[in-house]
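One-letter residues, chain by chain:
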Amino acid sequence: RWPYVYEFLNELKNYYEIVTFTAGTKDYADNILNLVDINDNLIKYRLYRHHTTIMGCNVFKDLMRLGRDMSKIIIIDNLKDNFKLQPNNGLFIKTWTSDINDNQLFDLQKILRDIALFNVDDVRPVIEKINDYNKENLSKNENSSHKKGDKNKFLEDNDNEENENNESNLIN
């Protein structure tokens, strides 16, 4: 099980309407989601492969099909192409590779909670800042040496004071 997945969903259900949107089939996805949402109280809606939009050979998760205010929607996905139709609503998260030290969801939980608590009118500019911040840090980290086994974080190196200040600025 992805570290912090239960805690992530359990806290964020208080702030968001949680919808899973997978390119997987219903049977496959439900087998996994039923293990996570045992009491059926974390995930409000489940969307599957047949809810995706196909254009040519590409599959997209078209958020317009949700019928919700786009200024309030955040999609978190491990494939950037999945939210290519609405890139300003998308946060990229690295694929979980069974690493028990993976704390991406823990870090992301704090950011999403802050977005909700700040009562942001439109999440898209905030998401753009977060994505820019992540690109900058990814570039910095690619240029520096990292030991194998370093923690796989959503926001790289967010433990130091400078980056804690930067995270607050992402919301403001």
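Scroll up a little and you will see the structure.
Residues numbered from 1 in each chain as written. Predicted model: local features only at pLDDT ≥ 70, side-chain atom pairs only at ≥ 80, totals over all residues. Heavy atoms only, no water.

J.: So what exactly am I meant to see when it comes to the overall build of the protein here?
T.: Looking only at helices and strands, the protein has five helices and six strands in total. Beginning at the N terminus, the succession of helices and strands in the protein can be written as α-β-α-β-β-β-β-β-α-α-α. Looking at the 172 residues of the protein, the share that counts as buried comes to 40%. Total accessible area on the protein stands at roughly 10,700 Å², and carbon and sulfur atoms take up 50% of it. (Helix = DSSP H or I, 4+ residues; strand = E, 2+ residues; numbered from the N terminus. Buried < 20%, exposed > 50% of the residue type's maximum accessible area, 1.4 Å probe, protein only. Areas by Shrake-Rupley, 256 points an atom, 1.4 Å probe, with all protein chains shown as cover.)

J.: Looking at this structure, how should I read the packing of aromatic side chains?
T.: Each aromatic ring pair is characterised by the separation of its centres together with the angle its planes make. In total, this model carries two aromatic pairs according to the counting rule given. With a centroid separation of 6.1 Å and an interplanar angle of 10°, the aromatic rings of Trp2 and Trp96 are classed as stacked. Placement of Trp2 in the segment before helix 1 (5-12) and of Trp96 in the loop between strand 6 (90-92) and helix 3 (104-117) is noted, with a sequence separation of 94 residues between them. Note on Trp96: relative accessible area 26%, which makes it partly exposed. Look at Tyr4 and Phe106: their rings are 5.1 Å apart centre to centre, the planes differ by 40°, and that puts the pair in the tilted class. (Phe/Tyr/Trp six-rings, centres within 6.5 Å; stacked < 30°, edge-to-face > 60°.)

J.: I would appreciate a short explanation of the pattern of salt bridges in the present structure.
T.: Between side chains of opposite charge, a pair can form when the charged atoms approach closely. Tallying each qualifying case throughout the model produces eight salt bridges. With a closest N to O distance of 2.8 Å, Glu17 and Arg68 form a salt bridge. On the criterion of sequence distance, the pair formed by Glu17 in the loop between helix 1 and strand 1 (19-21) and Arg68 in the loop between strand 4 (58-60) and strand 5 (75-77) is long-range, its members being 51 residues apart. Overall, the relative accessible area of 37% leaves Arg68 in the partly exposed class. Ionic pairing is found between Asp122 and Arg124, a salt bridge with its closest N-O pair at 2.8 Å. Residue class for Asp122 comes out partly exposed when judged on its relative accessible area of 25%. When salt bridges with common partners are traced through the structure, they connect Lys26, Asp30 and Arg46 into a single cluster. (Salt bridge = Lys/Arg side-chain N within 4 Å of Asp/Glu carboxyl O.)

Spatial relationships are all this shows, so hold off on functional conclusions.
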